[in-house]
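Inside the fold
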Amino acid sequence: MMFPIRLEQVAFRPDGRRVLDNLDLTLSGEGISIVLGPNGVGKTVLLKMIAGLQAVTEGRLLWGDNGHPVERIAMVFQQPMILRSTVLDNAALGLRPLGLSRRACEARAREMLERVGLNHRAGHSARLLSGGEKQRLALARAWAVQPRLLLLDEPTANLDPSAVEAVETIVRGIRTDGAKVLMTTHNLGQATRLADDIVFLADGRVQEHAPARQFFARPESPAARHFIQAELPWRIRFDE
Amino acid sequence: MSETLLEALRLLGTFDAKLMDIVWLSLRVSMTAVVAGAVIGLPLGAWLAVAEFPGRNALVVIVNGLMGLPSVVVGVVVYLALSRSGPFGSLGLLFSPGAMVIAQMMLVIPLMAALTRQTVEDAWRDYALEFRVMGFSRAQSVATLIHDCRHSLLVALLAGVGRAMSEVGAVMIVGGNIDNVTRVMTTAIALETSKGDLPLAIALGIVLMGVVLALNAGAFQVRRWAMRRFG
């Protein structure tokens, strides 16, 4: 088991600038956790550390009973990488390192394209897809490897509402398939729709980690209250 | 002057046997060198783009510098290596088309590697994080990047073709410009001009220019098609 994931006293100070500072966080293996916080607070750095893309030089990152992740991790970025090839080739890309046969890769990729509603475009050029379709393709690629942990870095930034809704439906599907989802977003409406729990970062630390309903109804830290108030003023007035 | 030009056109129009032999040998030697050079130069350039090791930057500078390698220097080096007393003298390749292929390969490999490195490095900057999360090996990354940049890498191939077909010094030294054996377009043009046989030299020049222009036009069309097809 690679859960719970524990970050203990983790710090990240590039060029002396404090981004993460003695951050402590424990993540369970279920549900959708959403990381909220102002710009530059280290949300993406946190995801990269968990993905192994950013070295943890101060503090510790612990995976369940093991020192390293033993199950698959997938990550989808705000601007997903799209190869100059077909939609099907792009969906199958993540399966290449797994040593599956070409036929098995194609079958799995087609199944995932079907799930994200892109099977009819399997033979089309992936680079000519719309922004929303590209993000669905990136999710299909991540889903294809059957990850135990899926990291999503602002996957719906710059997408229109219908594309956002499609992405959210896919994310719920991936969670239902048994993956733990850890996601960053600036869209508080999306956080209320998707999150099981909220990790709120400010000043380089976890200011609050609470069930989503509790976080939005009764944020405990002043920083979280200000953050939500600025984003969702009607909710605060309603709750008061 | 007009008589010379007319004679050159006659040689081309009648597919003069001597002219065609020279053209055919040139194409065989240069295309073999370019294909073999691409097999080495493209992966080498792509590997340089993704590799991280001490001294990488120095190696990049050296490969870039080798793009301007004088062909006569390559000719001398290959000549020494293939001469009877050289390390590969026993192969008996000196003054053969094989020696010319080796010399041209040495000229095109750094050129293709340097251009490939630049193209692939730009793509690598965009793709590196996702490849790492997916668990791609270095070899899988290199293969995927070469495939993804394939249309841009046509430029590297074309540069290699241009370099191989247009050089004189190296093939003159290692081939010897032997009639019917190692005489290619560039060495024949140099020789026939010095002899005063301008019609053959002009005819060969027209073919040389035609081949280069045709290849460039083809590559241009492929790139246009690729942009429309793959974005």
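Coordinates for the structure precede this section.
One structure accompanies this document, and this report is about it. The structure presented is a predicted model; accordingly, all values stated were derived computationally and were not measured.

Criteria and cut-off values
Residues numbered from 1 in each chain as written. Chains lettered and ligands numbered in written order. Predicted model: local features only at pLDDT ≥ 70, side-chain atom pairs only at ≥ 80, totals over all residues. Helix = DSSP H or I, 4+ residues; strand = E, 2+ residues; numbered from the N terminus. Buried ≥ 20, exposed ≤ 12 C-beta atoms within 10 Å, placed from the backbone. Contact = placed C-beta atoms within 7 Å. Core = buried A, V, L, I, M, F, W, Y, C linked by C-beta atoms within 7 Å. Nonpolar A, V, L, I, M, F, W, Y, C, P; charged D, E, K, R; others polar. Axes fitted to C-alpha atoms, helices over the stretch in contact; angles between N-to-C directions. Parallel < 35°, antiparallel > 145°, perpendicular 65-115°, else oblique. Left-handed = near helix turned anticlockwise from the far one by under 90°. Pairing = 2+ DSSP bridges. Expected span 1.5 Å × (residues − 1). Arc of directions from axis to C-beta.

1. What about the overall build of chain B?
Counting its regular elements, chain B contains 10 helices and 0 strands. Traced from its N-terminal end to its C-terminal end, chain B shows the element sequence α-α-α-α-α-α-α-α-α-α. Dimensions of chain B, computed from C-alpha atoms along their principal axes, come out at roughly 65 × 50 × 25 Å. A buried classification covers 40% of the 231 residues belonging to chain B. Excluding contacts between residues fewer than 6 apart, the proportion of contacts in chain B whose partners are at least 24 apart in sequence is 81%.

2. Brief notes about the nonpolar core
Among the nonpolar cores identified, the biggest contains 140 residues, and Ala91 and Ala140 of chain A together with Ala103, Val174 and Leu204 of chain B are the most heavily contacted of them. Apart from residues no more than four positions distant in its own chain, valine 174 of chain B is found in contact with Gly75, Val78, Tyr79, Leu82, Leu94, Ala99, Met100 and Ala103 of chain B.

3. What to know about the interface of chain A and chain B
Across the boundary between the two partners, chain A contributes 17 residues, which contact 15 residues of chain B. Here the side of chain A that touches chain B takes 3 residues from strand E5 (residues 73-76) of chain A, the largest share from any one element. When the residues that make up the side of chain A that touches chain B are grouped by side-chain class, the tally is 11 nonpolar, 3 polar and 3 charged.

4. Structural notes on the packing of helix H9 (residues 185-195) of chain B against helix H10 (residues 198-230) of chain B
All names here are of chain B. Packing of H9 against H10 brings their axes to within 8 Å, and their N-to-C directions diverge by 155°. Classed by the angle they form, the pair H9 and H10 counts as roughly antiparallel. Of the two elements, H9 crosses H10, and the hand of that crossing is left-handed. Here Met185, Ala188, Ile189, Glu192 and Thr193 of H9 come into contact with H10, specifically with Leu198, Leu200, Ala201, Leu204, Gly205, Val207 and Leu208. Here the contact of H9 with H10 is composed, by residue class, of 9 nonpolar, 2 polar and 1 charged.

5. Focus on the sheet that holds strand E8 (residues 197-202) of chain A
Residue and element names in this part refer to chain A. An order of E5-E6-E7-E3-E8-E9 is seen for the 6 strands of this open sheet, with the pairing classed as mixed. Pairing within the sheet leaves two strands with one partner each, and these edge strands are E5 and strand E9 (205-211). The mean inter-strand angle of the sheet, taken between neighbouring strand axes irrespective of direction, is 15°. Examined bridge by bridge, E5 and strand E6 (residues 149-153) share 4 bridges and lie parallel to one another. What sits directly across from valine 76, in E6, is leucine 152.

6. Details of the pairing of strand E3 (residues 32-36) of chain A
Residue and element names in this part refer to chain A. Within E3, 5 of the 5 residues are buried, which leaves it mostly tucked inside the rest of the structure. The sheet contact formed by E3 and strand E7 (residues 180-184) spans 4 bridges and is parallel. Residue pairing across strands places valine 35 opposite threonine 184, the latter belonging to E7. Two strands pair when backbone bridges link them, and E3 and E8 are joined in this way by 4 bridges, in the parallel orientation. Across the sheet, residue serine 33 finds its bridge partner in E8, namely aspartate 197.

7. Some words on the sheet that holds strand E2 (residues 20-27) of chain A
Residue and element names in this part refer to chain A. The sheet built from 3 strands is open, its strands ordered E2-E1-E4 with antiparallel pairing. Looking at which strands have only one partner, the edges of the open sheet turn out to be E2 and strand E4 (58-63). Strand after strand, the sheet turns through a mean of 15° between neighbouring axes, direction not considered. Bridge count between strand E1 (residues 5-12) and E4: 5 bridges; the pairing is antiparallel. Considered in E4, the bridge of glutamate 8 is made with arginine 60. Against the sheet, helix H1 (residues 43-51) touches E1, E2 and E4, its axis set at about 125° to E1.

8. Some remarks on the environment of isoleucine 174 of chain A
All names here are of chain A. Within the fold, isoleucine 174 resides in helix H5 (residues 161-176). In this structure, the C-alpha to C-alpha distance between isoleucine 174 and methionine 49, residues 125 residues apart in sequence, is 22 Å. In contact with isoleucine 174, not counting residues within four places along its chain, are Trp143, Leu150, Ala179 and Val181.

9. Looking at H5 of chain A
Residues and elements named next belong to chain A. For H5, with 16 residues, the first-to-last C-alpha span of 23 Å sits near the 22 Å given by 1.5 Å per residue. Within H5, burial applies to Val164, Ala166, Val167, Ile170, Val171 and Ile174. Projected onto a plane normal to the axis of H5, the buried residues spread over an arc of 160° and lie on a single side. Across H5 from its buried face, at more than 90 degrees, point the exposed residues Pro161, Ser162 and Thr176. Glycine 178, located one to two residues past H5, shows a positive phi value of around 110°.

10. Things to note about unusual backbone geometry
Here phenylalanine 3 of chain A and proline 4 of chain A are connected by a cis peptide whose omega angle stands at 0°. Position of proline 4 of chain A relative to the elements: it lies in the segment before E1. Even without being a glycine, glutamate 154 of chain A presents a positive backbone phi close to 45°. With respect to the secondary-structure elements, glutamate 154 of chain A resides in the loop between E6 and H5. For glutamate 154 of chain A, a count of 21 C-beta atoms within 10 Å corresponds to the buried category. The phi dihedral of asparagine 180 of chain B falls on the positive side, at around 65°, and the residue is not glycine. One can find asparagine 180 of chain B in the loop between helix H8 (169-175) and H9. Since 9 C-beta atoms lie within 10 Å of it, asparagine 180 of chain B is described here as exposed.

11. Some remarks on the packing of helix H7 (residues 154-166) of chain B against H10 of chain B
Residues and elements named next belong to chain B. The interhelical angle for the contact between H7 and H10, taken along N-to-C directions, is 175°, at an axis separation of 10 Å. It follows from the interaxial angle that H7 and H10 lie roughly antiparallel. Counted together, Leu154, Leu158, Val161, Gly162 and Met165 of H7 and Leu208, Val211, Val212, Leu215, Asn216, Ala219, Val222 and Arg223 of H10 form the full contact between these two elements. Per-class residue counts for the contact of H7 with H10 are 10 nonpolar, 2 polar and 1 charged.

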